[in-house]
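Each chain, letter by letter, is given below.
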Amino acid sequence: MPHLPRFTAAAVQAAPVYLDPDATVDKAVALIAEAAAHGAALVVFPEVFVPGYPYWNWTMNPLQGSPWFERLYLSSIDVPGPQVDALCAAARRAGVVLVIGVNERGRHGVGTLYNTMLTIDADGRLLGAHRKLVPTWAEKLTWAQGDGSSLVVHRTPVGPLGVLACGENTNPLARFTLLAQGELVHAASYIALPVAPEDYDMAEAIALRAAAHCFEGKVFTVVSCSTISPEIVDLVAGEDQQVRKQLARPRAALSGVFGPDGRPVTEPLVDEEGIVYAEIDLAACIRPKQMHDIVGHYNRFDVFRLHVDNRPHRPVQFTDGHRPDEPPEPGTHLEEA
C-alpha cells in the first residue's frame, strides 16, 4: 500500500524578529509548539524567516545597501549550527515535520549567503537544506545560486515532501523534478513583497502559482509567507516617507493550503500574522491523477526528457572526496554530528 496519510498542516504567516537570528528562532519555536497544540503534523514557515529578507535591495542602490548586506551576513546562520539544532529540537519535541527558510552562510570563506529552506523530520533530523536555485531580480545582490543536489523529495510521516522558495515556484522544470520523484506534499515559502511593480498583486501571484502546481501535479501545496512588521519598516525606511508608504502596500502576503484541484482547502490568510490550518488527505490525489498524471501515463517520455545535474557544486574538489574538517552534510542525526 502507498503511504497516503491524513494529517493537519499549518502554514505560518509571520514576521521575523528582524536581523536577530536567536530571537527569531525563539519565535519560531513558540509558533511550532502552538501549531502542534492545534494538531499540526506539518508546519511550514516563510522564506528566509531567519533572520529576515533584504528589502534594502529594492529601496537602495548597491552602495547604500552594502553595509546592510554585512549586517545580514553577520546575523545569518550556519547549517548545521546552534540555531538549526534548536529548530531540530523543537520539531522533535512537538513531533512535527518542519520546513523553514533561513539565510545560510557559505561554508567556504566569508561574504557568501544562500537563501535556504530546511526540511526537518519529526524526530529532529535535518533531512535537507535546499538552496534557492536562482535569486530573483534584486535578490542577486544578496544570495548566491544553489545547485541541483537539493532538489530532493523527502519521505516523511506526512508523505513525500518537496520544497521550493518563492520565485522557484514559477520554474516548471524545478517543479517537474520534484513531481517526478513522487512529490505529493509541496511546501512553498515566500516573503511579503510590497516592493514589486505597482500592478503586481503578490497575494494573487502566490495563489496562482500554488493553484498551478497543485492542478498540474495533483498534489497539495502548503504556502507560507512572511509579513512586514513595524520594526522592518522603521529599520529599512527610516524617515523616507516614500519607502514607508511602499512597505505598507496591501496584498503583499498570502498563506494557505491548496488541494489537488488547485482550489484553496480553507480560506487563505492575507497580510495579517497568523497560522492557517487545513486537513490534508493524500488519498485525494489518486482520482485526479487518473485524468492527468504528468509524471506517469499522461506524458511521453519517448518525446520529452529532462536531465538534472544533481551533483553538489563546490569551489574545490579533493581526490578523497571531502575535507575531514567539513561539517556533516544535511541528513546527519544531531547526535551523530
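Residues numbered from 1 in each chain as written. Predicted model: local features only at pLDDT ≥ 70, side-chain atom pairs only at ≥ 80, totals over all residues. Heavy atoms only, no water.

The next thing to look at is the packing of helix 1 (residues 21–37) against helix 4 (residues 82–94). What describes two packed helices is the angle between their axes and the distance between those same axes. Across the interface, helix 1 lies against helix 4 with an axial gap of 10 Å and an inter-helix angle of 10°. It follows from the interaxial angle that helix 1 and helix 4 lie roughly parallel. Contact with helix 1, carried on its side by Pro21, Asp22, Val25, Ala28, Val29, Ile32 and Ala36, involves Gln83, Ala86, Leu87, Ala90, Arg93 and Ala94 of helix 4 and no other residues of that element. Class assignment of the residues belonging to the contact of helix 1 with helix 4 gives a composition of 10 nonpolar, 1 polar and 2 charged. (Axes fitted to C-alpha atoms, helices over the stretch in contact; angles between N-to-C directions. Helix = DSSP H or I, 4+ residues; strand = E, 2+ residues; numbered from the N terminus. Parallel < 35°, antiparallel > 145°, perpendicular 65-115°, else oblique. Contact = heavy atoms within 4.5 Å. Nonpolar A, V, L, I, M, F, W, Y, C, P; charged D, E, K, R; others polar.)

Sheet architecture is open: 6 strands sit in the order 6-7-8-9-10-11, paired in mixed fashion. The sheet is open, and its two edges are formed by strand 6 (154–156) and strand 11 (269–270), each paired on a single side. When strand 7 (residues 159–165) meets strand 8 (residues 185–190), the two strands line up parallel, connected through 5 bridges. The partner of Leu161 across the bridge, within strand 8, is Val185. (Pairing = 2+ DSSP bridges.)

Sheet strands line up and pair through hydrogen bonds in the backbone, either parallel or antiparallel. Strand order in the open sheet formed by 6 strands is 5-4-3-2-1-12, with mixed pairing between adjacent strands. Either end of the sheet is taken by a strand with one partner, and the two such strands are strand 5 (126–131) and strand 12 (274–281). Across the sheet, the mean angle separating the axes of adjacent strands is 25° when strand polarity is ignored. By the bridge criterion, 5 bridges tie strand 4 (residues 113–120) to strand 5 in an arrangement that is antiparallel. Across the sheet, residue Thr119 finds its bridge partner in strand 5, namely Gly128. Sheet contacts for helix 1: strand 1 (6–13), strand 2 (40–44), strand 3 (97–105) and strand 12; angle to strand 12, the most-contacted strand, approximately 45°. Along the sheet face, helix 3 (residues 62–75) touches strand 3 and strand 4 and points at about 130° away from the line of strand 3.

With that out of the way, let us pick up unusual backbone geometry. A cis amide bond, omega -10°, links Val50 with the succeeding residue Pro51. By secondary structure assignment, the location of Pro51 is in the loop between strand 2 and helix 2 (56–59). For the bond from Val79 to Pro80, the omega torsion is 0°, close enough to zero to count as cis. The phi dihedral of Arg251 falls on the positive side, at around 55°, and the residue is not glycine. With respect to the secondary-structure elements, Arg251 resides in the loop between helix 8 (241–247) and strand 10 (254–258). Take Arg251: its relative accessible area is 37%, and that puts it in the partly exposed class. One non-glycine residue, Asp271, adopts positive backbone phi at about 70°. Relative to the helices and strands, Asp271 is located in the loop between strand 11 and strand 12. Residue class for Asp271 comes out partly exposed when judged on its relative accessible area of 27%. (Buried < 20%, exposed > 50% of the residue type's maximum accessible area, 1.4 Å probe, protein only.)

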